[in-house]
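Here are the chains, one letter per residue:
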Amino acid sequence: MTSMTHPEQGSESKHISIAEPSILDLQNVTISYSGKAAVRNVSFPIAEHKITSIIGPSGCGKSTLLRALNRMNDFVDDVSLEGTISYLGENLYGKDIDPVTLRRRIGMVFQKPNPFPKSIYRNVSWGPQINGYKQPLDDLVEHSLVQAALWNEVKDRLHESALSLSGGQQQRLCIARALAMSPDILLMDEPCSALDPISTSHIEDLLFELKSQYTIVIVTHNMQQAARASDYTAFLEMGMLIEFGATKQMFTVPRQKRTEEYVTGRFG
Amino acid sequence: MQKSRVSGTPYIDNLVARRRKARLFRTLCAGVTWLGVVLLGLLLYQAGVDGIKWLDWQFLSSFPSRFPEKSGIKSALFGTLWLIALIAIISIPISVATALYLQEFSSKGRISRLIELNISNLAGVPSIVYGIIGLAIFVRGFQLERSLISGALTMSLLISPVIIIASREAIKSVPVNIRHAAYALGATRWQTSWSHVLPAAFPGILTGVILALSRAIGETAPLIMIGALTYVAFLPAGPMDAFTALPIQIFNWVSRPQQEFHELAAAAIIVLLAVLLVMNAAAIYIRHKSEQKLK
């Protein structure tokens, strides 16, 4: 836990320590699109088997930051990253890291549900299959769907199209698809923003269930969601890390005035 | 400018004149659309009236002859079917692979822009020019002679740009979030393309392929250029054999003075259109099936 205080608003740039071992460590990360910085000099750790939420107003760079964690930004033209992100001590952007292998271990759930236009079963089984999974796929599909709390709703229609599911079910299918790879880390980019409140609460319950086995990093617009679901919170504004700390502390006694204004809904 | 809330807005809406213009434009568009349909109908009617009485089993199963009543299109029909099959086998894999490479794999630099520009230009090159290329390269250069394979290769050159352009458009329109979903599971570009991008782009690619093949089976100039025969009294047994095709047979008959041969040409046109129609129907059926699967 950090005990730093800042007289003024600004980036927390010194190293922040947490009680748990960290699985990812961001050090002075700056990400630019065509030379224009979207994330500036951000440093914070991500604790293993905990939920870390990244919050902040629209356009603050939180999605960009999340996508840097499994190198999905590689597909965007003209992106550059400075600083280091280390994953279990290894530089994520090092020469000997293959982004394809990396994404197998750091999964992602996107803002809009994006199931493949194939059957429910194929959606879950495809990832393991192309990565050379050798055990029976049926068991894995069932296990993943159970984990994503979707099994009971789809067990009789596994070979129907995934597009026949509702939005909330599709998003849980996308979570099952990511879980089928047994990733170390699950990145979630506003996974509930396209969903209704009931589907949202389904997914939040799911987060609690998954926490014991997975490390989750979630970007969210929803303050209540961050407060309810996460252990640690990082608050970004205009690409800068304003505050990072235990969620409880951030939402009750924030150290930065800006954080207080944001979490209480005075702006953003 | 006035500030009254109902009538005094600073707009002159002139709605009557605007609506009149819209009606005029609509009528004009409908007019030219129907003009095309009517002309096509007349053409079909003329061919039907002239040709239908010649259209029987004898016509389909006989070789050409100098006696109109003994004459038929057996060799031309088989030549056309051979050509379609060979062109499809040659041009589809090459064109789709090219489109996939340009759209998914190549870096979007100056060289790939140059290639793109050239492909668009190639699609507009007159077919006779491809005939000359075919004659120089395939017939003479590769010593393939006046064979089916020479014709098919020449035609493949002709239609590949069209398939490439259509396939690129189809691939481009596959939503990017499908690709991201695959990449996020640790898929390579190839796995993503093969399992998700190509199946989703398939209906669009098929449309392009059918349009291109339809163009190919109607083309006469390149085949005449590479020296496809006009009188063939045998069936080609393999791709290295000499051949004739429906458009050539039609061209040949039309250029004869006797009225009977002109009517035979009309009958052959009906057969050619029927082949086209069957191909298009098959494509629509396959596309419909694959779209059902994607839903």
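Residues numbered from 1 in each chain as written. Chains lettered and ligands numbered in written order. Predicted model: local features only at pLDDT ≥ 70, side-chain atom pairs only at ≥ 80, totals over all residues. Heavy atoms only, no water.

Asks: Residue-level account of the domain arrangement of chain B, with values.
Replies: All names here are of chain B. In terms of domain boundaries, chain B breaks down into domain 1 (15-53) and domain 2 (58-294). Carbon and sulfur atoms make up 75% of the area that domain 1 and domain 2 hide from each other, which totals about 460 Å². On the domain 1 side of the contact with domain 2, Ala-47, Asp-50 and Gly-51 bury the most area, a combined 63% of that side's loss. One can count 1 salt bridge joining domain 1 with domain 2. Where domain 1 touches domain 2, the interface holds 1 residue pair in polar contact (both at pLDDT 80 or more). When its residues are assigned to classes, the side of domain 1 that touches domain 2 shows 3 nonpolar, 2 polar and 2 charged. (Domains from an automatic or database assignment. Buried area = accessible area lost by both parts, 1.4 Å probe. Salt bridge = Lys/Arg side-chain N within 4 Å of Asp/Glu carboxyl O. Polar contact = N/O pair within 3.5 Å; in protein donor to acceptor, adjacent residues only side chain to side chain. Nonpolar A, V, L, I, M, F, W, Y, C, P; charged D, E, K, R; others polar.)

Asks: Now, about the confidence of the model for chain B: what can you tell me, with residues and values included?
Replies: Across chain B, the average pLDDT comes to 87, with 96% of residues at or above 70. The secondary structure element of chain B with the lowest average pLDDT is helix H2 (residues 57-61) of chain B, at 82, and the one with the highest is helix H7 (residues 176-183) of chain B, at 94. (pLDDT = per-residue confidence, 0-100. Helix = DSSP H or I, 4+ residues; strand = E, 2+ residues; numbered from the N terminus.)

Asks: Summarise the packing of helix H3 (residues 120-130) of chain A against helix H4 (residues 137-147) of chain A; cite the residues concerned and give the values.
Replies: Angle between the axes and distance between the axes: these two values describe a pair of packed helices. Residue and element names in this part refer to chain A. Where H3 meets H4, the axes come as close as 10 Å, and the angle between the chain directions of the two elements is 115°. If you check the angle between H3 and H4, you find them roughly perpendicular. When the axes of H3 and H4 are compared, the crossing they make is right-handed. Counting all contacts with H3, which are made through Ile-120, Tyr-121, Val-124, Ser-125, Pro-128 and Gln-129, the residues of H4 involved are Leu-137, Asp-138, Leu-140, Val-141, Ser-144 and Leu-145. (Axes fitted to C-alpha atoms, helices over the stretch in contact; angles between N-to-C directions. Parallel < 35°, antiparallel > 145°, perpendicular 65-115°, else oblique. Left-handed = near helix turned anticlockwise from the far one by under 90°. Contact = heavy atoms within 4.5 Å.)

Asks: So what's going on with the pattern of salt bridges? Residues and values would help.
Replies: Within the structure shown, the criterion is met by 18 salt bridges over all chains. Residue Lys-211 of chain A pairs with Asp-231 of chain A through a salt bridge whose shortest N-O separation is 3.2 Å. Of this pair, Lys-211 of chain A sits in the loop between helix H7 (197-210) and strand S8 (215-219) while Asp-231 of chain A sits in the loop between helix H8 (223-229) and strand S9 (232-237), and the two are 20 residues apart along the sequence. Across this residue pair, the class does not change: Lys-211 of chain A and Asp-231 of chain A are buried. For Lys-53 of chain B, the salt bridge is made with Glu-263 of chain B, and the minimal N-O distance between the two is 3.2 Å. With Lys-53 of chain B in the loop between helix H1 (15-51) and H2 and Glu-263 of chain B in helix H11 (residues 259-294), this pair connects stretches of sequence that are 210 residues apart. For Lys-53 of chain B, a relative accessible area of 55% translates into the label exposed. Glu-263 of chain B gets classed as buried once you look at its relative accessible area, which sits at 13%. Within the structure, one salt-bridge network assembled from shared partners comprises Glu-237, Lys-257, Arg-258 and Glu-261 of chain A. (Buried < 20%, exposed > 50% of the residue type's maximum accessible area, 1.4 Å probe, protein only.)

Asks: Could you give me a rundown of a nonpolar patch on the surface, with the residues and numbers involved?
Replies: Residues and elements named next belong to chain B. Nonpolar side chains collect at one region of the surface, where Ile-128, Val-129, Ile-132, Ile-133, Ile-137, Phe-142 and Leu-157 lie side by side and expose about 550 Å² of accessible area between them. By residue number, the principal contributor to the nonpolar patch is helix H5 (residues 127-141), which donates 5 residues. Tracing the backbone shows Ile-137 in helix H5. (Patch = residues over 30% accessible without salt bridge, like charges linked within 9 Å, V, L, I, M, F, W, Y side chains within 5 Å. Areas by Shrake-Rupley, 256 points an atom, 1.4 Å probe, with all protein chains shown as cover.)

Asks: So what's going on with helix H6 (residues 167-179) of chain A? Residues and values would help.
Replies: Residue and element names in this part refer to chain A. A rise of 1.5 Å per residue sets the reference length of H6, with its 13 residues, at 18 Å; its end C-alpha atoms lie 18 Å apart and thus fit the reference within 8%. Summarising burial for H6: 12 of the 13 residues are buried, a large majority. Within the span of H6, buried status applies to Gly-168, Gln-169, Gln-170, Gln-171, Arg-172, Leu-173, Cys-174, Ile-175, Ala-176, Arg-177, Ala-178 and Leu-179. (Expected span 1.5 Å × (residues − 1).)

Asks: Please set out the layout of surface pockets residue by residue, giving values where relevant.
Replies: Vacant regions in the atomic arrangement are exposed by a probe of water-molecule size rolled over the atoms. All names here are of chain B. In this structure, the largest pocket spans a volume of roughly 430 Å³. Among the secondary structure elements, those contributing two or more residues to the lining of the largest pocket are helix H3 (74-105) and H7. Along the lines of polarity and charge, the residues of the lining of the largest pocket split into 4 nonpolar, 4 polar and 7 charged. (1 Å grid on protein atoms, 1.4 Å probe; cavity = no way out; pocket = protein on both sides within 12 Å on 5 of 7 lines; lining within 4 Å. Points joined across faces, edges and corners; volume = space filled by probe spheres on them.)

Asks: I'd like a rundown of the pairing of S9 of chain A, residues and numbers included.
Replies: All names here are of chain A. Within S9, 6 of the 6 residues are buried, which leaves it mostly tucked inside the rest of the structure. Where strand S3 (residues 51-55) and S9 come together, 4 bridges link them in parallel fashion. Bridge pairing in S9 links Ile-55 to Phe-235. Where S9 and strand S10 (residues 240-246) come together, 6 bridges link them in antiparallel fashion. Paired with Thr-233 across the bridge in S10 is Gly-245. The loop that links S9 with its antiparallel partner S10 comprises 2 residues; one of these, Met-238, has a positive phi angle of about 50°. (Pairing = 2+ DSSP bridges.)

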